[in-house]
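Residue-level listing of the chains:
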Amino acid sequence: MKYFKILAIAFLLFTGHEAMAQYGYGYDPYYNSGYRPGVDRRIDTQRSRKAIKKKEDEKPKDLSEVMSEYLAKELKLDDFQKAAVKVIYDDHKDQILELSNNESDTRQVLRDKFNAISEEIDKKILPLLSEDQKKSYQKIIDDRNKQK
């Protein structure tokens, strides 16, 4: 009986130490090195942080707005030219979005249709530009054609 009590006490002491060691209690040879084995209990600090919220006012930008802003930046368009480019892209926006949602055609067919729409847009934009702007726009067209 005496041996049983001693074995039970020894068992509890040794197993208790191992169970507590995984949580960083008791003797820990890695304690001074910053290594803490076991369960990370710092999750509560994540809950207390303020959540980053997206601005509810932000809506996805329209294709015509994005393209007119891009071309205004690249080509240094004035307000009239920027408005005209926006109107041109508004006219073709439905066709472009229809192509992006079309899953039945092959890639080559979609690419050809997109190229045809792009050429129509280019033909309408080029008369609005000055000579320097035309050169810059032609570089944009050439870069777009290289990606094909």
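Treat the numbers as computed from the prediction; the structure is a model and nothing was measured.

### With respect to the overall build of the chain
Right, on to step 1. Along the chain, the regular secondary structure elements total six helices and zero strands.
Right, on to step 2. Secondary structure elements of the chain occur, N-terminal to C-terminal, as α-α-α-α-α-α.
Right, on to step 3. Out of the 148 residues belonging to the chain, those deemed buried represent 20%.
Right, on to step 4. In the structure as shown, the chain presents an accessible area of about 12,700 Å², 55% of it carried by carbon and sulfur atoms.

### Quick look at the nonpolar core
Right, on to step 1. Among the nonpolar cores identified, the biggest contains 17 residues, and L71, L75, L77, I121, I125 and Y137 are the most heavily contacted of them.
Right, on to step 2. Contributions of two or more residues to this core are made by helix 3 (63–75), helix 4 (79–101), helix 5 (107–125) and helix 6 (131–146).
Right, on to step 3. Here this core gets five residues from one element, more than from any other, and that element is helix 4.
Right, on to step 4. If we skip the residues at most four places from it in the chain, Y137 touches L71, L75, D122, I125, L126 and L129.

### What to know about the packing of helix 3 against helix 4
Right, on to step 1. Interaxial distance between helix 3 and helix 4 falls to 8 Å at its minimum, and their mutual angle equals 140°. The orientation of helix 3 relative to helix 4 falls into the category oblique. By crossing handedness, the relation of helix 3 to helix 4 is classed as right-handed. Contact residues: helix 3 offers L63, S64, E65, M67, S68, E69, L71 and A72, while helix 4 offers K82, V85, K86, Y89, D90, K93 and I96.
Right, on to step 2. Broken down by class, the residue content of the contact of helix 3 with helix 4 amounts to seven nonpolar, two polar and six charged.

### Some words on helix 5
Right, on to step 1. Taking 1.5 Å of rise per residue, 19 residues should cover 27 Å, and helix 5 covers 26 Å from first to last C-alpha, within 8% of that figure.
Right, on to step 2. When helix 5 is considered as a whole, its buried residues turn out to be L110, N115, I117, S118, I121, D122 and I125.
Right, on to step 3. Where helix 5 is buried, its residues meet helix 3, helix 4 and helix 6.

### Points about the side chain of Q133
Right, on to step 1. Inspection of the secondary structure assignment puts Q133 in helix 6.
Right, on to step 2. A distance of 3.2 Å separates the side chain of Q133 from the backbone oxygen of L75, its partner in a polar contact.
Right, on to step 3. The residues contacting Q133, other than those within four sequence positions of it, are L75, K76, L77 and Q81.

### Examining the pattern of salt bridges
Right, on to step 1. Summed over the entire model, instances satisfying the criterion amount to five salt bridges.
Right, on to step 2. A salt bridge links K93 to D62, with the shortest nitrogen-to-oxygen separation between them at 3.2 Å. Of this pair, K93 sits in helix 4 while D62 is found in the loop between helix 2 (43–48) and helix 3, placing the two residues 31 residues apart along the sequence.
Right, on to step 3. Look at K93 and you get buried, because its relative accessible area is 19%.

### Observations concerning helix 3
Right, on to step 1. Its 13 residues place the ends of helix 3 18 Å apart at the C-alpha level, agreeing with the 18 Å of an ideal helix rising 1.5 Å per residue.
Right, on to step 2. All of the buried residues in helix 3 are S64, S68, L71, A72 and L75. Down the axis of helix 3, the sector holding all buried residues measures 105°, keeping them to one side.
Right, on to step 3. Structurally, helix 3 contributes buried residues whose contacts are with helix 4, helix 5 and helix 6.

So, how was this worked out
- Residues numbered from 1 in each chain as written.
- Predicted model: local features only at pLDDT ≥ 70, side-chain atom pairs only at ≥ 80, totals over all residues.
- Heavy atoms only, no water.
- Helix = DSSP H or I, 4+ residues; strand = E, 2+ residues; numbered from the N terminus.
- Buried < 20%, exposed > 50% of the residue type's maximum accessible area, 1.4 Å probe, protein only.
- Areas by Shrake-Rupley, 256 points an atom, 1.4 Å probe, with all protein chains shown as cover.
- Core = buried A, V, L, I, M, F, W, Y, C linked by side-chain atoms within 4.5 Å.
- Contact = heavy atoms within 4.5 Å.
- Axes fitted to C-alpha atoms, helices over the stretch in contact; angles between N-to-C directions.
- Parallel < 35°, antiparallel > 145°, perpendicular 65-115°, else oblique.
- Left-handed = near helix turned anticlockwise from the far one by under 90°.
- Nonpolar A, V, L, I, M, F, W, Y, C, P; charged D, E, K, R; others polar.
- Expected span 1.5 Å × (residues − 1).
- Polar contact = N/O pair within 3.5 Å; in protein donor to acceptor, adjacent residues only side chain to side chain.
- Salt bridge = Lys/Arg side-chain N within 4 Å of Asp/Glu carboxyl O.
- Arc of directions from axis to C-beta.

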